[in-house]
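Architecture at a glance
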Amino acid sequence: PVRDELIRSNSAFRDLVHQHQDFEERLNELAHLTYPSDDEQLEEVTLKKKKLLIKDEIYAMMQQHTVSH
């Protein structure tokens, strides 16, 4: 698939995918907190937004790669 090809050939894409996975892991940790603090709640909202932006960037790069090949 395009995603695997880009992970192998494009370091910027690979970094985005890893960052997305890191955010996902941290969000899972935050989701399991029974009583998250205000800071943790803010972190969760911020991470969700960042994760969405990265996801959009990943898809844009995949689309661009598909069109150019």
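Throughout what follows, the structure given in this document is the object of discussion. Each chain carries its own residue numbering, running from 1 in the direction its sequence is written. In view of the model being predicted, local features appear only for residues whose pLDDT reaches at least 70, and side-chain atom pairs are presented and counted only at 80 or more, with totals across whole chains, interfaces and linings using the full set of residues. Derived side-chain values reflect all non-hydrogen atoms in the structure, with water molecules and hydrogen atoms excluded from consideration.

Bringing the pattern of salt bridges into the picture now. One side-chain nitrogen of Lys or Arg within 4 Å of one carboxyl oxygen of Asp or Glu is enough to make a salt bridge. Counted under the stated rule, the structure contains four salt bridges. Residue Arg26 is joined to Glu29 by a salt bridge in which the shortest nitrogen-to-oxygen separation is 2.8 Å. Separated by three residues within a single helix, Arg26 and Glu29 lie in helix α2 (residues 11–31), roughly one turn from each other. For Arg26, the salt bridge identified is with Glu43, shortest N-O distance 2.9 Å. By definition, any uninterrupted DSSP run of H or I lasting at least four residues is a helix, any uninterrupted run of E lasting at least two residues is a strand, and each is numbered from the N terminus.

For the rest of this paragraph, the subject is helix α3 (residues 38–68). The α-helix advances 3.6 residues per turn, and as a result positions three or four apart in sequence lie on the same side. Taking 1.5 Å of rise per residue, 31 residues should cover 45 Å, and α3 covers 45 Å from first to last C-alpha, within 8% of that figure. Burial classes: relative accessible area under 20% of the type maximum marks a residue as buried, over 50% as exposed, and values in between as partly exposed (1.4 Å probe, protein chains only). Burial in α3 covers these residues: Glu44, Leu47, Lys51, Ile54, Ile58, Met61, Met62 and His65. A contact between two residues is defined here by any heavy atoms of the two lying within 4.5 Å. Buried residues along α3 sit in contact with α1 (2–9) and α2. Helix span, as expected, comes to 1.5 Å for every residue beyond the first.

In terms of nonpolar packing, the biggest core is built from 12 residues, these being Leu6, Phe13, Leu16, Val17, Phe23, Leu27, Leu30, Leu47, Ile54, Ile58, Met61 and Met62. Secondary structure elements with two or more residues in this core: α2 and α3. Looking at which element gives the most residues to this core, the answer is α2, with six residues. With residues up to four places along the chain from it excluded, the contact list for Val17 reads Arg3, Ile7 and Ile58. The nonpolar core is taken to be a set of buried Ala, Val, Leu, Ile, Met, Phe, Trp, Tyr and Cys residues, with the residues joined through side-chain atoms within 4.5 Å.

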